[in-house]
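Now for the letters of each chain:
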Amino acid sequence: MATRKSTKLRIPHSQDDCELVGILEQLAPEEPTQGRKIALILHGSMGHKDYLFQKRLALRFPMDSFRFDFRGNHESGGQRIQSGIARDVEDLVTVVSYLRNTYGYEIDVVVGHSRGSVVGMHWLCTSKEGQRVRAMVNASGRYRMDGVYDLYKEQWDFKGPYERTVTVARQTVVERIYPEELEEFSKWNTAIVWDKFPAQIDVLTMHGLLDKTVPSYDAIIYSRALGARTPGTHNLHLVEKADHNFTKRQDEVVDCILEWWDALNQGRLKTGIFMTGVRGKL
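The rules behind the values
All residue numbers refer to position in the chain's written sequence, counted from 1. Thresholds applied to this predicted model are a pLDDT of at least 70 for local features of residues and 80 or more for the giving and counting of side-chain atom pairs; totals over whole chains, interfaces and linings are not thresholded and use all residues. The side-chain figures draw on all heavy atoms in the structure; neither hydrogens nor water molecules are used. Each helix corresponds to a stretch of at least 4 residues labelled H or I by DSSP, and each strand to a stretch of at least 2 residues labelled E; elements are numbered beginning at the N terminus. The contact definition used throughout considers only heavy atoms, calling two residues in contact when any of these lie within 4.5 Å. Pairs of strands are assigned from DSSP output, requiring at least two bridges between the strands. Note on method: axes are straight lines fitted to C-alpha atoms, helices fitted across the in-contact stretch only, with angles between N-to-C directions ranging 0 to 180 degrees. How far a helix is expected to stretch is found by multiplying one less than its residue total by 1.5 Å. Only protein chains enter the accessibility calculation, which uses a 1.4 Å probe; a residue is then buried when its area is under 20% of its type maximum, exposed when over 50%, and partly exposed in between. Any pair of nitrogen or oxygen atoms within 3.5 Å is treated as a polar contact; in protein, a donor-acceptor pairing is required on top of that, and neighbouring residues in sequence qualify only through side-chain atoms on both sides. Seen with its strands pointing away from the viewer, a crossover is right-handed when the path leading from the first strand over the helix to the second is clockwise. Each pair of aromatic rings taken from Phe, Tyr and Trp, with Trp reduced to its six-membered ring, is defined by centres within 6.5 Å and is described as stacked if the planes are under 30 degrees apart, edge-to-face if over 60, and tilted in the remaining cases.

Chemist: Give me the lowdown on the environment of Gly-77, citing residues and values where you can.
Modeler: Following the sequence through the fold, Gly-77 ends up in the loop between strand E4 (64-68) and helix H2 (85-103). Measuring from C-alpha to C-alpha, the distance between Gly-77 and Lys-270 comes to 42 Å, with 193 residues separating the pair along the chain. Gly-77 has contacts with Cys-18, Glu-19, Arg-71 and Gly-72, leaving out every residue within four places of it along the chain.

Chemist: Please set out the side chain of His-237 residue by residue, giving values where relevant.
Modeler: Position of His-237 relative to the elements: it lies in strand E10 (residues 234-239). Ignoring anything within four residues of it in the chain, the contact list for His-237 reads Leu-204, Thr-205, Met-206, His-207, Cys-256, Phe-274 and Met-275.

Chemist: I'd like a description of the sheet that holds strand E1 (residues 5-12), backed by residues and values.
Modeler: Taken in spatial order, the nine strands of this open sheet run E1-E2-E4-E3-E5-E6-E9-E10-E11, and their pairing is mixed. Edge positions in the sheet fall to E1 and strand E11 (272-273), since each has one partner strand and no second. In this fold helix H3 (residues 115-126) packs onto strand E3 (37-42), strand E5 (106-113) and strand E6 (135-139), with an angle of close to 145 degrees to the strand it touches most, E5. Helix H7 (residues 250-265) contacts E5, E6, strand E9 (202-208) and E10 of the sheet and is inclined by roughly 160 degrees relative to E9.

Chemist: Can you break down H2 residue by residue, with the values?
Modeler: Every α-helix winds through 3.6 residues per turn, so residues three or four apart in the chain are directed the same way. Over its 19 residues, H2 extends 27 Å from the first C-alpha to the last, a length consistent with the 27 Å expected when each residue adds 1.5 Å. Within the span of H2, buried status applies to Ile-85, Asp-88, Val-89, Asp-91, Leu-92, Thr-94, Val-95, Val-96, Leu-99 and Tyr-103. The first or second residue beyond H2 is Gly-104, which carries a positive phi of 85 degrees.

Chemist: Account for the side chain of Arg-36, with residues named and values stated.
Modeler: Secondary-structure assignment places Arg-36 in the loop between strand E2 (19-26) and E3. Polar side-chain contacts of Arg-36 include one of 2.5 Å to the side chain of Asp-64. Excluding its chain neighbours within four sequence positions, the residues that come into contact with Arg-36 are Ala-28, Glu-31, Asp-64, Gly-104, Tyr-105 and Glu-106.

Chemist: Could you give an account of the pairing of E2, naming the residues involved and the relevant values?
Modeler: Counting buried residues along E2, seven of its eight residues qualify, which places the element largely inside the surrounding structure. The pairing of E1 with E2 spans eight bridges and is antiparallel. Across the sheet, the residue bridging to Lys-5 is Gln-26, located in E2. Count of turn residues in the E1/E2 antiparallel hairpin: six residues. Across four bridges, the pairing between E2 and E4 is antiparallel.

Chemist: Tell me about the pairing of E3, and name the residues and values.
Modeler: Burial of E3 is extensive: five of the six residues sit out of reach of the surface. Across six bridges, E3 lies against E5 in parallel orientation. Counterpart to Ile-38 in the pairing with E5 is Ile-107. Bridge analysis of E3 against E4 gives five bridges, and the strand direction is parallel. Considered in E4, the bridge of Ile-38 is made with Asp-64. Note on the crossover from E3 through helix H1 (residues 54-60) to E4: the handedness is right-handed.

Chemist: Which residues make up the packing of aromatic side chains, and what are the values?
Modeler: Applying the stated criterion to the full structure yields six aromatic pairs. Seen in terms of ring centroids, Phe-61 and Trp-261 are 5.1 Å apart; in terms of plane orientation they differ by 45 degrees. Their pairing is tilted. Within this pair, whereas Phe-61 is found in the loop between H1 and E4, its partner Trp-261 is found in helix H7, the two being separated by 200 residues in sequence. For the pair formed by Phe-61 and Trp-261, the shared burial category is buried. Considering the side-chain rings of Tyr-103 and Tyr-105, the 5.6 Å spacing of their centres and the 35 degrees angle between planes classify their relative orientation as tilted. Here Tyr-105 falls in the buried class, since its relative accessible area comes to 3%.

All we've got here are geometric facts, nothing functional implied.
What follows is the structure, given as structure tokens:
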């Protein structure tokens, strides 16, 4: 009987002299991959392919998956730029092309956290491959991009570069942010989802009600933007007492995504609050 296999891939970047490093999870590694469906799992700002719920989801998801570090993050080469969402989209295009040309994979679902959600939704709106994707999970995704200024207003006068020290994959990293980068970041067009998001894609939006990085109201805006499409559905799941990273709630996040995925494949999804009618633990 075939067993699950994890393989580290180093993908040459199509737009830069560097490699993107990621992990390919295969449920049946001995079987042909031509035409096989695959899930993409995208990390957020200053994150990496194995943080938060990403690795846990990949190891439990009932489908092959690929998770990787965006340029300048963790093991991937190149430079990370705060305003570089367009560069992140280029990274995603490179990865999709490689998985298609090398393995024959077809993208079936995109799971994004925070910045990864913004990148994933833009790719879905602008790519031919995105028109064939069935599902999207938007966890803690920002809609009002100018809200990024609220993260720094108390520590920074916005006249010069701002430095902060963070821990990424147990390594200390000093991030330097310039005013012009924040300005470019704040102008990224998330409103594209109102008119360009594929009509057939089922979407789950998850957001913590204690999120101090991206206000939970952004999840409401995405619900309004994506909830009127057909035949695709939109489900909103607000997590009480959860922060931006769903700290200490990782397994709960994975459980929710897998439950939603089961409902999708059984044709039980209806637009609205996820698990409407289920009393659960109140």
